[in-house]
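# Descriptive structure summary
Letter by letter, the chains look like this.
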Amino acid sequence: MKNVRLKVPATVANLVCGFDILGMAIHEPYDEMELKLLETPEVIIRHTDGFGLPEEPSGNVAGVVLLKIMEHLNLKNGFELIINKRIKPGSGLGSSAASAAGAAVGANELLGNIFTREELVYFAMFGEELASGVKHADNIAPCIYGGITLVKSSDPVDIIPLNAPDLFVTAVHPQIEVKTSDARQILKNKILLKDAIEQWGNIAGLVAGIQKNDSGLIGRSLKDVIIEPVRSILIPKFNEIKEKSMEAGALGGGISGSGPSLFMLSETEKISKDIAEIMQTVYNETGIDSLVYVSKINPSGITVID
Ligand code: HSE
């Protein structure tokens, strides 16, 4: 039977001010997934990564996506899926989205590319719903489309692919776990009009900056007056890392997705590497292990290896 192997990248959701609507694919870290089409309508999942994630299909983020696709098509075939997860669960780097999006893209490849990218986002959101309790596409969309994406609407799915500016991304993952569901629960349900005005000015400025390749405008727009003040308390050394990164020349940055990872954008490789060193030094001094990734914005998203 047919099989397909995929490289599925990490993603940075929100891009500071665009809670649940903006996201960006990066090159490192990434998951490896291998899917096989089965002659029987069942889903078999095996993780080779040792994270202890559930392998029972209805309790697995990738599994629910495959089951949904089978149900939608009334499929007589099934799927076997082997996942080598290198994006740590609970890192804020789109680990669950990678599983969900990889499952949708892999199944589509095996079925002869019958779905549009927006349909793939639709199916993958069932995985995000299992992981966090809410269907959101801000990690899934850049994982599938590559580059930076705007989720204009998730119901109905309306994704706007944006430019992928020639910038460097430094991401640090302090080795503590923040569950997306917990990081969503602490948010306020109501916001002040004055905060909303500032936030939508920043979102519009960020999208304009991305489209115009205007680094200065991107930097000025990477500000969040709604989510960051609440969530940053969950992340050790958040303010120190941000301040030191800005001093080192970062354009801006903040929490990656729901945390605990942080990311910074910069214009040169040198600055992005200096920032990586700053991030690790701060966490070393605090006695918190951390993983740091430096990469460019990933313009392609999920790639089929063979
Ligand atoms: N937009 C989501 C959040 C991303 O910030 O909760 C995390 O999956």
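Below, the structure is looked at part by part.

Conventions and cut-offs
- Residues numbered from 1 in each chain as written.
- Predicted model: local features only at pLDDT ≥ 70, side-chain atom pairs only at ≥ 80, totals over all residues.
- Heavy atoms only, no water.
- Near = heavy atom within 4 Å.
- Polar contact = N/O pair within 3.5 Å; in protein donor to acceptor, adjacent residues only side chain to side chain.
- Areas by Shrake-Rupley, 256 points an atom, 1.4 Å probe, with all protein chains shown as cover.
- Nonpolar A, V, L, I, M, F, W, Y, C, P; charged D, E, K, R; others polar.
- Domains from an automatic or database assignment.
- Pairing = 2+ DSSP bridges.
- Helix = DSSP H or I, 4+ residues; strand = E, 2+ residues; numbered from the N terminus.
- Axes fitted to C-alpha atoms, helices over the stretch in contact; angles between N-to-C directions.
- Contact = heavy atoms within 4.5 Å.
- Left-handed = near helix turned anticlockwise from the far one by under 90°.
- Phe/Tyr/Trp six-rings, centres within 6.5 Å; stacked < 30°, edge-to-face > 60°.
- Buried < 20%, exposed > 50% of the residue type's maximum accessible area, 1.4 Å probe, protein only.
- Lys NZ or Arg CZ within 6 Å of the ring centre and 35° of its normal.
- Salt bridge = Lys/Arg side-chain N within 4 Å of Asp/Glu carboxyl O.

## Considering the site of the ligand
The immediate surroundings of the ligand are formed by Ala13, Asn14, Phe19, Asp20, His136, Asp138, Asn139, Thr180, Arg184, Arg231, Gly257 and Ser258. The contact in question runs from an oxygen atom of the ligand to an N or O atom on the side chain of Asn14, over 2.8 Å. Within the contact set of the ligand, a nitrogen atom lies 2.5 Å away from a side-chain nitrogen or oxygen of Asp20. Burial of the ligand by the protein amounts to 95% of the accessible area it has alone, namely 260 Å². Considered class by class, the residues forming the shell around the ligand number two nonpolar, six polar and four charged. Residues from two domains meet in the shell around the ligand; each of domain 1 (3-162 + 299-304) and domain 2 (168-296) gives at least three.

## Considerations on the sheet that holds strand β10 (residues 290-296)
With respect to topology, four strands assemble into an open sheet ordered β8-β9-β7-β10, the strand pairing being antiparallel. Two strands bound the open sheet, and with one partner strand each, they are β8 (252-255) and β10. Taking the axes of each pair of neighbouring strands and ignoring which way they run, one obtains an average angle of 15° across the sheet. Relative to β10, strand β7 (residues 168-174) is paired through seven bridges, and the arrangement is antiparallel. Directly across from Val169, in β10, lies its bridge partner Ser295. Running at roughly 10° to β7, helix α10 (residues 269-286) makes contact with β7, β9 (262-266) and β10 of the sheet.

## Let's talk about the packing of helix α1 (residues 61-73) against helix α2 (residues 95-110)
Look at α1 against α2: their axes get within 8 Å of each other, and the N-to-C directions meet at 30°. In this structure, α1 meets α2 at a crossing whose hand is right-handed. Between α1, through Val61, Ala62, Val65, Leu66 and Ile69, and α2, the contact on the second element is made entirely by Ser96, Ser99, Ala100, Ala103, Ala104 and Ala107. Partitioned by chemical class, the residues of the contact of α1 with α2 number nine nonpolar, two polar and no charged.

## Quick word on the packing of aromatic side chains
For the structure shown, the criterion picks out three aromatic pairs. Taken together, a centroid distance of 5.3 Å and an interplanar angle of 70° make the contact between Tyr122 and Phe123 edge-to-face. What makes Tyr122 partly exposed here is its relative accessible area of 39%. Looking at Phe123, the relative accessible area reads 2%, which means it is buried. Among the aromatic residues, those joined into a ring-pair cluster are Phe115, Tyr122, Phe123 and Phe126. Lying across the ring of Tyr30, Arg86 places its NZ or CZ 4.3 Å from the centre.

## Points about the pattern of salt bridges
The final tally for this structure, using the stated rule, is eleven salt bridges. Asp20 serves as the salt-bridge partner of Arg184, at 2.7 Å between the closest nitrogen and oxygen. Of this pair, Arg184 sits in helix α5 (residues 180-185) while Asp20 sits in the loop between β1 (3-13) and β2 (22-38), placing them 164 residues apart in sequence. One salt bridge connects Glu32 with Arg86, and the closest N-O pair in it is separated by 3.6 Å. With Glu32 in strand β2 and Arg86 in the loop between β4 (78-84) and α2, this residue pair connects regions lying 54 residues apart in the sequence. A network of salt bridges, in which partner residues are shared, links Lys237, Glu240 and Lys244.

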